[in-house]
Amino acid sequence: SSGSLYKDTNKNKPSHEKSILNPVSNYGISKFILENLLNNFSKEYGIPLTICRVSTVYGDSPSAKKFGLINYLINCAQTNSIPHLYGENTYRDYLHLKDLVEILIKISYMDLNDQIYNISTGISYTCLQIYNKVKLNLKERGINLRQYEDMGLRLGENGKVFISSMKLRNEIKWVPKINIDKGIKNIIMEFN
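Residues numbered from 1 in each chain as written. Predicted model: local features only at pLDDT ≥ 70, side-chain atom pairs only at ≥ 80, totals over all residues. Heavy atoms only, no water.

Asker: It is not clear to me how helix 3 (residues 97–108) should be interpreted in this structure. Could you clarify?
Answerer: In an α-helix, one full turn covers 3.6 residues, which means residues spaced three or four apart are oriented alike. For helix 3, which comprises 12 residues, the first-to-last C-alpha distance of 16 Å matches the rise-based estimate of 16 Å (1.5 Å per residue) to within 8%. Among the residues of helix 3, those classed as buried are Asp99, Leu100, Ile103 and Ile107. Along the long axis of helix 3, the arc covered by the buried residues comes to 100°, so they all point the same way. Of the exposed residues in helix 3, those oriented more than 90 degrees away from the buried face are Lys98 and Ser108. Structurally, helix 3 contributes buried residues whose contacts are with strand 1 (50–54), strand 2 (56–58), strand 4 (91–96), strand 5 (115–119) and helix 5 (166–172). (Helix = DSSP H or I, 4+ residues; strand = E, 2+ residues; numbered from the N terminus. Expected span 1.5 Å × (residues − 1). Buried < 20%, exposed > 50% of the residue type's maximum accessible area, 1.4 Å probe, protein only. Arc of directions from axis to C-beta. Contact = heavy atoms within 4.5 Å.)

Asker: For this particular structure, what's the right way to read the pattern of salt bridges?
Answerer: Side chains bearing opposite charge may pair, as long as their charged atoms lie close to each other. Scanning all chains against the criterion turns up 4 salt bridges. Put simply, Arg53 and Glu35 hold a salt bridge, and the shortest N to O gap is 2.8 Å. Of this pair, Arg53 sits in strand 1 while Glu35 sits in helix 1 (residues 26–45); the two residues are 18 residues apart in sequence, bridging distant segments of the chain. Using a relative accessible area of 3% as the deciding quantity, one classes Arg53 as buried. Classification of Glu35 as buried rests on a relative accessible area of 11%. Here Asp181 ties to Lys133 by a salt bridge, and the two come within 2.9 Å at their closest N and O atoms. With a gap of 48 residues between them, Asp181 in helix 6 (residues 180–191) and Lys133 in helix 4 (residues 127–140) connect regions that are remote in the sequence. (Salt bridge = Lys/Arg side-chain N within 4 Å of Asp/Glu carboxyl O.)

Asker: Can you help me understand helix 2 (residues 69–79) in this one?
Answerer: Residues of helix 2 that are buried include every one of Leu69, Ile70, Asn71, Leu73, Ile74, Cys76 and Ala77, and no others. Where helix 2 terminates, the next one or two residues include Asn80, which has phi positive at roughly 60°.

Asker: Quick question: what am I supposed to make of the side chain of Glu17 here?
Answerer: Position of Glu17 relative to the elements: it lies in the segment before helix 1. The buried charged residue Glu17 lacks any salt bridge, with Lys167 as its nearest oppositely charged partner at 5.5 Å. A distance of 2.7 Å separates a polar atom in the side chain of Glu17 from the backbone nitrogen of Asn118. Apart from the residues lying within four places of it in its own chain, the contact partners of Glu17 are Tyr6, Arg53, Ile116, Tyr117, Asn118, Ser164 and Lys167. (Lys, Arg positive; Asp, Glu negative; His and termini not counted. Polar contact = N/O pair within 3.5 Å; in protein donor to acceptor, adjacent residues only side chain to side chain.)

Encoded structure:
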């Protein structure tokens, strides 16, 4: 996942495939080690390899309902629990599962050996912005989401993750189809 590999970035200069990697969590370090292991294995045995660094994935599939901030907030509303945000001003790029599946299938049919691609929307949102979007959509359906508690940034996480997928967009002409507002609305409809 791209957010765990790159150092903190900003909106005007998002991380791209050649940006400095700076994993600060065990999760990010494991991704970094795995990329290097796969690269070495690929070169040693002549096995084609394309590395995809994916932004934060969300969606309305049965398995996706168990993970991620958006689904967590919806579950909090359904159980009347107080949501905990880990850094209300923590930025993440959210990519809908259907967009991810579409581009992975497209990549699998192309000869893109020895390439690294960021897969992202190129638009990051704070946890607070996501909370407000989910709260508004729930309210429109008559469901209340309680006021959140900000727990602060988790130890070992980057606070500002802005990812560029321009390489992928330029080479493959791919653009995500599901924006965050439509994605949240679809998930909430599926939960009911």
